[in-house]
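Understanding the architecture of this molecule
Chain residues, written in single-letter form:
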Amino acid sequence: MTEINYKDLRSAILSLTSNETDEIALMATFVCELHHSDSRFDWTGFYRVTEPELLKIGPYQGGHGCLVIPFNRGVCGAAARTLEPQLVADVEAFEGHIACASSTRSELVIPVQNNAGRLIGVLDIDSDQPDAFTQEDAENLNDLLRDVFAHVP
């Protein structure tokens, strides 16, 4: 299992996204760097808020994901609804989990907001390993997302 080096990841992503305000460009760059930084990450991507109470797939790395996720379903929906990171050690134990990929065993989903505090999407990371994510992962990625998307209007 690779342990992600958050200092190096942060430096790389901030360097690549400096002065960019387009949320799709930021999402694509962020997810590419993140996905290839750690072997725990089986699927890494964004779901974007495209209409009230609805997420649609955005830039991602890995196999196909669900195309549409309502706020009232799954781990991604819970993160969007509560605006709180969702750290799920066992997706089978999460009531209402949406099985976009049968290989997913654990999941980390973090809400993403723009500079006005409006929810623009969620970052979804799936692992084919049970209990793959830590609170440290959630905190580091939450901080990095906040900094990267701070200039998105």
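Since the structure is predicted, the reported quantities are computational estimates derived from the model, not experimental observations.

Attention shifts here to the packing of aromatic side chains. Enumeration over the complete set of coordinates arrives at five aromatic pairs. Taking 5.8 Å as the distance between ring centres and 25° as the angle between the ring planes, the aromatic pair formed by Trp-43 and Tyr-47 counts as stacked. No difference in accessibility class separates Trp-43 from Tyr-47, as the two residues are buried. Put simply, the rings of Phe-30, Phe-46 and Phe-149 pair up and form one aromatic cluster.

Quick look at the packing of helix α2 (residues 23–35) against helix α4 (residues 135–148) now. In the contact formed by α2 and α4, the axes pass within 11 Å of each other and the chain directions differ by 150°. Taken as axis vectors, α2 and α4 run roughly antiparallel relative to one another. Two packed elements cross with a definite hand, and for α2 against α4 that hand is right-handed. Mapping the contact onto sequence places Leu-26, Phe-30 and Leu-34 in α2 and Leu-141, Leu-144, Leu-145 and Val-148 in α4. Split into classes, the residues belonging to the contact of α2 with α4 amount to seven nonpolar, no polar and no charged.

Rules behind the numbers
Residue numbers here run from 1 along each chain, matching the order of that chain's written sequence. Only residues with pLDDT of at least 70 get local features here, since the model is predicted, and only at 80 or more are side-chain atom pairs given and counted; chain-wide, interface and lining totals rely on the full set of residues. Side-chain measures here rest on the full set of heavy atoms in the structure, leaving out hydrogens and waters. Any pair of Phe, Tyr and Trp rings, taking the six-membered ring for Trp, is counted once the centres come within 6.5 Å. Such a pair is stacked with planes under 30 degrees apart, edge-to-face with planes over 60 apart, and tilted for the rest. The buried label applies to any residue whose accessible area, calculated with a 1.4 Å probe on protein chains only, is under 20% of its type's maximum; exposed applies above 50%, and partly exposed to all values in between. Orientation is described by axes fitted as lines to C-alpha atoms, over the contacting stretch for helices, and by angles from 0 to 180 degrees between their N-to-C directions. Strands are runs of DSSP state E lasting at least two residues, helices are runs of H or I lasting at least four, and both sets are numbered from the N terminus onward. Angles are sorted into four bins: roughly parallel if under 35 degrees, roughly antiparallel if over 145, roughly perpendicular if 65 to 115, and oblique for all others. The handedness criterion is simple: a crossing whose near helix is rotated anticlockwise from the far helix by less than a right angle is left-handed, and one whose near helix is rotated clockwise is right-handed. Here, two residues are considered to be in contact whenever any of their heavy atoms come within 4.5 Å of each other. Under this grouping Gly is polar, as are all residues other than the nonpolar Ala, Val, Leu, Ile, Met, Phe, Trp, Tyr, Cys and Pro and the charged Asp, Glu, Lys and Arg.

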